[in-house]
Amino acid sequence: MLYFSRWKTIGIWAVVLLGLLFALPNLFPQSVLAKLPDWLPKKQMTLGLDLQGGSHILLKIEPNDLIKDRLDTSRDEIRTLLRDAKIGYTGLSGSGKVVQVRIRDTNQVAAAKEALKQLVAPISSGLFTGGSVVEMEQDEPEPGLLRYTMTDAGIKYRTSTALQQSIEVVGRRVNELGTTEPVVQRQGDDRILVQVPGLQDPQRLKDILGQTAKLTFQMVDQTMPVQDALNGRPPAGSTIMYSQDEPAVPYLIENRVIVAGENLVDAQATFDQRTNEPVVSFRFDAKGAARFGQATQQNVGKLFAIILDNKVISAPQIREPILGGTGQISGNFTAQSANDLAVLLRAGALPATLTVIEERTVGPGLGQDSIDAGKMSSIVGSILVVVFMVAAYGTLGWIANVALVANVAMIVAILSLVGATLTLPGIAGIVLTVGMAVDSNVLIYERIREERRAGRSIVQSIDTGFQKALATILDSNITTLIAAVVLFFLGSGPVRGFAVTLAVGIVTTVFTAFTLTRWLVAVWLRRVKPKELPKGYVRLVPEVTRIPFMRIRLQAFVISMFLCVASVFLLFTQGLNFGIDFTGGTIMEVRAKSGAADLADIREKLTSTGIKEIQVQGFGNESDVLIRLGATADEGDEAGAIVVQKAQQSLSADYDIRRTELVGPTVSGELAWIAVLGVVAALGAILVYVWIRFEWQFALGSIVATINDILLTLGFLVVTQLQFDLSTVAAILTIVGFSLNDTVVIYDRVRENLRRFKKMPLGQLLDLSDNEMLSRTTMTAITTFLALLALFLLGGEVIRSFVAAMLFGVFIGTLSSIFIAAPILIIFKLRPTSAVPASDKEAPVEGDIGRQLPAK
């Protein structure tokens, strides 16, 4: 394995140099890259919203609006069709999903059904089986009463059509804001995901997205004073509507629509030449201009209302016919509100109301702080790992560090090439990869040392070490890869970014360990011709240990079981400190514009707005505050957006809003289910893999050890009351991967020893395997711990609970691999543990460190 042909060498270094080349653009600003030749790569990693600032908003279309509109349309169609067919009717009404009408003459029922048959005619749609869908079903519950009910397929069709139309409208509205690279995409059957990076005013975005922007021009009904209509009943065919003023002014409006917003072809914010006030000028298409001109010609001297979303913007008097198809809307606008209305009118009306059910907004200041914290923690973590590897392995440590630099460069290059988004947890994924990437080199180097102690030459030791470590490294990394894949498919946003980074890091780690590291070691071997392996400067674990782990297995089981039971007890009595991902509600991070933050003043301001369930606490330094606003399921998803708006308005004068996260009750319930499903799916997939690669006892043993780790980590989170959110779920899944990585490494050695020592009692064999892998287990735990410690201390408050859970998981996962995963094989009777007669025992080869330990 130490021979490399010229082409293989060229191939290895070509991959490494390409990785460096495609990673380098991330070190320079765009202004510098623009001056470089076009043939050089210039693509950089896309920064997530948590790093560059911006808004992530999840909108849900309200199907009830669509059903209501469809029923109103159906009622109008029934009225028109029956009148055209000269069929008498009564009791035309609609409620829920049903519209019904009674035919006066039962002899005309057949004719009525014929006249109304278009209501139940199939609608062509490629989205449904057979290419069509029936929107309404007709039945006759009693003679002469025709009932039309909207079908589930019809509602689904309407929702799907409206969602597609809404995506187009939302896309046009967002693009009108002039933002760079916004994302507007469908999510599920009734949701739209909007991500706008670098947005300075997220509230403006929500205001623009939240308005239906249904514009109509209707006549004001002047046949009755509006006050009389308020005291009694408005005339048939008219409705009372209110203006947008404070206080609102009532108007009596005719239901008949003269012209609707669909007839607008342009709308621009401008200023009135007479008053110099901001107004919105508009222009109709030919059809709209003709209808508007005819209506104004027939109603000179009367009032007509300009109505937006059932609110009267203005109700001017028609002084003369407006025949040019143009006009202007005035209504106490500011320059920005006039511009926003023009944006809405140009983009078109939404077919239904869109409700904000999830919002995550990060200000640009916090984003830059996160970048700085991520850079610093990454640098410090990498330095700690590099220094430790040199101290532990000397020259071989330097070789591992060169491979580590190439590994990180290839991760960055791949993320840049595929356009992956780098989030703050993604940076944590890179730092974690730095710690875990060393594991492959540790496995190889420790195996090389074992082979050397067994009496082989240096060349043979290195060659055999690489060969025997390959299967172990693949098995251990695949288990972590499974956890990363589950995270990617079930996670979202920053969690998915972490999964991508972790998965890419695993692939590049395996590549560098068995190509670049091996090539560098081979070159060092040929040129230096060492007489002995480098010793390093420190040795944490003696070369040969004979610790009787199995003698204390029962005590370890009892302690572990006690802690697990205690963790479960605490889970049900004290409970986790659930974040808004699972409870719903709002989190806001604010910073005082000057001086220290006043927590009492913040609480008082929020209370004065009518907000309930307020939690205010210091966060980081004295000027930063974390605010949590509760929400209940019965308030609905709309309540959260209203609470956020009130809170921001009350605090914006004295505080900068650095981060806002809103999760409605609908999304929080779904996220809780996804979290449970993610952990179960990861455990199931890993169980299957270990079962296939080893035996059923190994699979069950690894799952028992992993469940132990999960329960103890949950207990740790309960005791510390660290926030439990989606990032923490990602940390638990990573702990699952790390723990299984450690367990599989030990199991791989157990499997190897089972083949070598066929008659050795199982307890003795497990002790032997644990001792042989103790140095590797310790070294990997320390390197990973060092990388995570840098993240914990320097990575910022946002990911502190995420990293704290992983730190604890690394510690407990290391212990469980030795004291739970290995001993449990005895319980599952992997091999009879009865003593074997001395004459039948198989002696290890001379010089092998796998010497038998005293039998238990």
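Please refer to the structure placed before this passage.
Overview of the structure. Here the structure is a predicted model, which means the values were calculated and not measured. (Residues numbered from 1 in each chain as written. Predicted model: local features only at pLDDT ≥ 70, side-chain atom pairs only at ≥ 80, totals over all residues. Heavy atoms only, no water.)

Regarding the overall build of the protein
- Along the backbone of the protein there are 25 helices and 26 strands.
- Evaluated residue by residue, the protein yields a buried proportion of 52% over its 856 residues.
- Accessible surface, the protein as shown: approximately 38300 Å² in total, 58% of it carbon and sulfur. (Helix = DSSP H or I, 4+ residues; strand = E, 2+ residues; numbered from the N terminus. Buried < 20%, exposed > 50% of the residue type's maximum accessible area, 1.4 Å probe, protein only. Areas by Shrake-Rupley, 256 points an atom, 1.4 Å probe, with all protein chains shown as cover.)

A look at the sheet that holds strand β17 (residues 311-314)
- With mixed pairing, the 5 strands of this closed barrel are ordered in space as β11-β13-β12-β17-β16. Along the sheet, successive strands turn relative to each other by an average axial angle of 55°, direction set aside.
- Bridge analysis of strand β16 (residues 304-308) against β17 gives 3 bridges, and the strand direction is antiparallel. When the bridges of β17 are listed, I306 appears paired with S314.
- Packing against the sheet, helix α9 (residues 286-298) makes contact with β11 (215-220), β13 (250-260) and β16, and its axis sits at approximately 135° to β13. (Pairing = 2+ DSSP bridges. Axes fitted to C-alpha atoms, helices over the stretch in contact; angles between N-to-C directions. Contact = heavy atoms within 4.5 Å.)

A look at the environment of V133
- When you line up the elements, V133 lands in strand β6 (residues 132-133).
- Expressed as a C-alpha distance, the spacing of V133 and V120, which sit 13 residues apart in the sequence, is 9.6 Å.

Comments concerning the side chain of S416
- Examined against the element boundaries, S416 turns out to sit in helix α12 (residues 395-417).
- Within the structure, S416 has its side chain in polar contact with the side chain of N26 (distance 3.0 Å).
- Beyond its immediate stretch of four places on either side in the chain, S416 contacts F22, N26, K43, Q44 and M45. (Polar contact = N/O pair within 3.5 Å; in protein donor to acceptor, adjacent residues only side chain to side chain.)

Some details on the packing of helix α23 (residues 762-794) against helix α24 (residues 800-821)
- Closest axis-to-axis distance for the α23/α24 pair is 10 Å, and the angle between their directions is 175°. By the criterion of interaxial angle, the relationship of α23 to α24 is roughly antiparallel. Across the interface between the two elements, D770, L774, T777, A781, T784, F785, L788, L789, L791, F792 and L793 from α23 touch R800, V803, A804, M806, L807, V810, T814 and I818 from α24. (Parallel < 35°, antiparallel > 145°, perpendicular 65-115°, else oblique.)

Focus on helix α18 (residues 599-608)
- Where α18 is concerned, the buried positions are I602, K605 and L606. All buried residues of α18 project into a common sector of 95° when viewed along the axis, lining one side. Counted as exposed and oriented over 90 degrees from the buried face of α18: E604 and S608.
- Capping the start of α18 is the job of one residue whose side-chain oxygen sits 3.2 Å from the backbone nitrogen of A600: D598. (Arc of directions from axis to C-beta.)

Quick word on the nonpolar core
- By size, the foremost hydrophobic cluster in this structure holds 132 residues, and its most contacted members are Y445, I462 and F802.
- If you tally residues by element for this core, the top one is helix α15 (residues 494-528), at 17 residues.
- Apart from residues lying up to four places away in sequence, F802 is in contact with A428, F498, S727, A730 and A731.
- A295, I306, L308 and F333 belong to the second-largest nonpolar core, a separate cluster that totals 27 residues. (Core = buried A, V, L, I, M, F, W, Y, C linked by side-chain atoms within 4.5 Å.)

Structural notes on helix α10 (residues 335-347)
- With 13 residues, α10 should cover 18 Å at 1.5 Å per step; its first-to-last C-alpha distance of 18 Å lies within 8% of that length.
- Positive phi shows up at G348, right after α10, with a value of about 100°. (Expected span 1.5 Å × (residues − 1).)

Overview of the sheet that holds strand β25 (residues 655-663)
- With respect to topology, 8 strands assemble into an open sheet ordered β9-β10-β2-β19-β25-β22-β24-β23, the strand pairing being antiparallel. Both outer strands of the open sheet, β9 (183-187) and β23 (614-619), are each paired with one neighbouring strand and no more. For this sheet, the mean inter-axis angle between neighbouring strands, taken without regard to orientation, is 20°.
- Here strand β2 (residues 54-61) runs beside strand β19 (residues 354-362); their pairing, made up of 8 bridges, is antiparallel.

A short note on a nonpolar patch on the surface
- Taken together, the side chains of L18, L21, L24, L27, F28 and V32 define a hydrophobic patch exposed on the protein surface, amounting to about 520 Å² of accessible area.
- Structurally, the position occupied by L18 is in helix α1 (residues 6-23). (Patch = residues over 30% accessible without salt bridge, like charges linked within 9 Å, V, L, I, M, F, W, Y side chains within 5 Å. Salt bridge = Lys/Arg side-chain N within 4 Å of Asp/Glu carboxyl O.)

As for the packing of helix α21 (residues 696-720) against helix α22 (residues 726-756)
- Across the interface, α21 lies against α22 with an axial gap of 9 Å and an inter-helix angle of 145°. Once α21 is placed against α22, the crossing between them reads as right-handed. For the pair formed by α21 and α22, the contact residues are F698, G701, S702, T706, D709, I710, T713, L714 and L717 on the first element and T728, I732, I735, V736, S739, L740, T743, Y747, V750 and L754 on the second.
- A class-by-class count of the residues in the contact of α21 with α22 yields 11 nonpolar, 7 polar and 1 charged. (Left-handed = near helix turned anticlockwise from the far one by under 90°. Nonpolar A, V, L, I, M, F, W, Y, C, P; charged D, E, K, R; others polar.)

Quick look at the pattern of salt bridges
- A complete count under the given rule lists 27 salt bridges for this structure.
- A salt bridge links E135 to R158, with the shortest nitrogen-to-oxygen separation between them at 2.5 Å. Here the residue E135 occupies a position in the loop between β6 and β7 (136-142), and R158 occupies one in helix α6 (residues 152-176), the gap between them amounting to 23 residues.
- Owing to a relative accessible area of 1%, E135 belongs among the buried residues under this scheme.
- Owing to a relative accessible area of 32%, R158 belongs among the partly exposed residues under this scheme.
- A salt bridge links E532 to R452, with the shortest nitrogen-to-oxygen separation between them at 3.0 Å. In this pair, E532 sits in the loop between α15 and α16 (553-573) while R452 sits in helix α13 (residues 424-453), placing the two residues 80 residues apart along the sequence.

Regarding unusual backbone geometry
- Here the phi dihedral of K86 falls at roughly 55°; this positive angle occurs in a residue that is not glycine.
- Position of K86 relative to the elements: it lies in the loop between α4 (63-84) and β3 (89-95).
- For K86, a relative accessible area of 70% gives the class exposed.
- Phi is positive for N310, which is not a glycine, with a value near 65°.
- Secondary-structure assignment places N310 in the loop between β16 and β17.
- N310 gets classed as exposed once you look at its relative accessible area, which sits at 57%.

Observations concerning the pairing of β7
- The pairing of β7 with strand β8 (residues 145-150) spans 5 bridges and is antiparallel. Bridging from a neighbouring strand, E137 pairs with T149 of β8.
- In textbook terms, the turn of a hairpin is the stretch between consecutive antiparallel strands, and for β7 and β8 this stretch comprises 2 residues, one of which, G144, has a positive phi near 85°.

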